[in-house]
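Inside the fold
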Amino acid sequence: CRYRPLTWLSITKGVTVLISIISIILSVLSFTLSVLQWIFVLRKQSFNISVSCTGYSVSTSELISNYRDYTFGFIVNNHSSLPISINSVCVRTESGKYKMFDLTKRFLKEHFIPPGTERTYQLFSSEFPVNIDAYSSSLVYATYETKLTDEHIFFDDDLFCHFEFVTNRKTVFKVLHCERISLLEQ
């Protein structure tokens, strides 16, 4: 075997190959980190809400037969990094169709704060759309009234109700546990 002396050309070739290998490794690592960051951002911004029902109350009328005025309370939590807007809420009726809650603000009740004083606090139903910031929640009161028997709200086992929440990003169907309470207790 013959000994080949190191020449400047052979040293530069070796360094060039080493630099090429390091560049390829860094490129692959950069691409992998970019893809992981992109997946993380998409996951963080994905639509993710949770809804719970605080209860509902029903008002009837002695003058109008079959009249029902339902008022539901919802706590809507936005678990994503983007704000959402709830455009409407619909409820399943006895006919099997989904009917929309009222979209306008409506007077619900009045509280005296603290009890026994003259200062009052008036509570209204929510006016739609309801805007919820990122990682926050909102208490939403929605009202629904009807005079038709087949448009009364349908309850599974007298406790569960089917809702449709229409947002600016997605429409979500939820089956929520709803207990009947007096509106004044909420």
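Our subject is the structure listed above.
Below is a short write-up of the structure. (Residues numbered from 1 in each chain as written. Predicted model: local features only at pLDDT ≥ 70, side-chain atom pairs only at ≥ 80, totals over all residues. Heavy atoms only, no water.)

Focus on the overall build of the chain
Of regular secondary structure, the chain possesses 1 helix and 11 strands. Secondary structure elements of the chain occur, N-terminal to C-terminal, as α-β-β-β-β-β-β-β-β-β-β-β. Burial status across the chain gives 30% buried among its 186 residues. Carbon and sulfur atoms form 58% of the exposed surface of the chain, whose accessible area is close to 12500 Å². (Helix = DSSP H or I, 4+ residues; strand = E, 2+ residues; numbered from the N terminus. Buried < 20%, exposed > 50% of the residue type's maximum accessible area, 1.4 Å probe, protein only. Areas by Shrake-Rupley, 256 points an atom, 1.4 Å probe, with all protein chains shown as cover.)

Some details on the packing of aromatic side chains
As enumerated under the stated definition, the model contains 13 aromatic pairs in all. With 6.2 Å between their ring centres and 35 degrees between their planes, tyrosine 70 and tyrosine 144 make a pair best called tilted. Here tyrosine 70 is found in strand S2 (residues 68-78), whereas its partner tyrosine 144 is found in strand S8 (residues 137-146), with 74 residues between them in sequence. On the basis of relative accessible area, tyrosine 144 is assigned to the buried category, the value being 4%. (Phe/Tyr/Trp six-rings, centres within 6.5 Å; stacked < 30°, edge-to-face > 60°.)

Observations concerning the sheet that holds S8
With respect to topology, 3 strands assemble into an open sheet ordered S1-S2-S8, the strand pairing being antiparallel. Of all the strands in the sheet, just strand S1 (49-60) and S8 have a single pairing partner and so form its edges. The average undirected angle you get between the axes of adjacent strands in this sheet is 20 degrees. Summarising the sheet, S1 and S2 pair through 11 bridges and their orientation is antiparallel. Across the sheet, valine 58 pairs through a bridge with tyrosine 70, a residue of S2. (Pairing = 2+ DSSP bridges. Axes fitted to C-alpha atoms, helices over the stretch in contact; angles between N-to-C directions.)

Focus: the pairing of strand S3 (residues 84-92)
Most of S3 sits out of view: 7 of its 9 residues are buried. Inspection of the sheet shows S3 paired to strand S10 (residues 160-167) by 5 bridges, in the antiparallel sense. By the bridge assignment, isoleucine 86 is partnered in S10 with threonine 167. In the sheet, S3 pairs with strand S4 (residues 98-100) via 3 bridges, with the strands oriented antiparallel.

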